[in-house]
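# Summary of the model geometry
Listed below are the residues making up each chain.
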Amino acid sequence: MLNGGVPNLSIGSIQWTNHSFTTISPRSGLQISGVMHYNEDGLPDWMNVAIGPREGAKHSVIKYRYTKRLSVEGLPDRFEHYFLQSANSMPDRVVTI
């Protein structure tokens, strides 16, 4: 899934260790870490993401939607990015493929 919708990273820059990663953004110099959670079919369901130093990191959740079949099996056609500091329950950023 390339970077799974994680912002501020170059494509392919995530190096996974089991279901998690920690890396440094070349664009901002900030630490970015994430933990992937899978659905009952073994597909990515949602990911916790933290951007910034451990103390004071900005946290978000990226949810993956599979509403239509794509030519690549298991690739979601929609990413919904929720910044947890937001007071609303609507996604702050949505990407549809």
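As a reminder, the structure under discussion sits directly above these lines.
Since this is a predicted model, take the numbers as computed values, not measurements.

### Focus on the overall build of the chain
Along its length, the chain carries 0 helices and 6 strands. When the elements of the chain are put in sequence order from the N terminus, they spell out β-β-β-β-β-β. Counting the 97 residues in the chain, one finds 32% classified as buried. Considering only intrachain contacts with a sequence separation of at least 6, the fraction spanning at least 24 residues in the chain is 19%.

### Focus: the side chain of Ser33
Position of Ser33 relative to the elements: it lies in strand E2 (residues 31-38). Judged by its relative accessible area of 19%, Ser33 falls in the buried class. Once residues lying within four places of it in the same chain are set aside, the contact partners of Ser33 are Phe21, Thr22, Asn48, Val49 and Ala50.

### Brief notes about the pairing of strand E4 (residues 58-65)
As paired elements, strand E3 (residues 44-51) and E4 share 6 bridges and run antiparallel to each other. By the bridge assignment for E4, Asn48 is matched with Val61. If you look at the hairpin formed by E3 and E4, you'll find 6 residues sitting between the two strands, and Gly52 has a positive phi there, around 115°. Sheet analysis places E4 next to strand E5 (residues 78-83), joined by 6 bridges and oriented antiparallel. Within the sheet, the bridge partner assigned to Val61 lies in E5 and is Tyr82.

### Quick notes on the environment of His81
Along the chain, His81 falls in strand E5. Taking the C-alpha atoms as reference points, His81 and Ser60, 21 residues apart in sequence, are found 7.0 Å from one another. Within polar-contact distance, the side chain of His81 engages the side chain of Ser60 at 2.9 Å.

### So, the environment of Asp41
Tracing the backbone shows Asp41 in the loop between E2 and E3. Spatially, the C-alpha atoms of Asp41 and Gly74 are 9.6 Å apart, while their sequence positions differ by 33 residues.

Thresholds applied
Residues numbered from 1 in each chain as written. Predicted model: local features only at pLDDT ≥ 70, side-chain atom pairs only at ≥ 80, totals over all residues. Heavy atoms only, no water. Helix = DSSP H or I, 4+ residues; strand = E, 2+ residues; numbered from the N terminus. Buried < 20%, exposed > 50% of the residue type's maximum accessible area, 1.4 Å probe, protein only. Contact = heavy atoms within 4.5 Å. Pairing = 2+ DSSP bridges. Polar contact = N/O pair within 3.5 Å; in protein donor to acceptor, adjacent residues only side chain to side chain.

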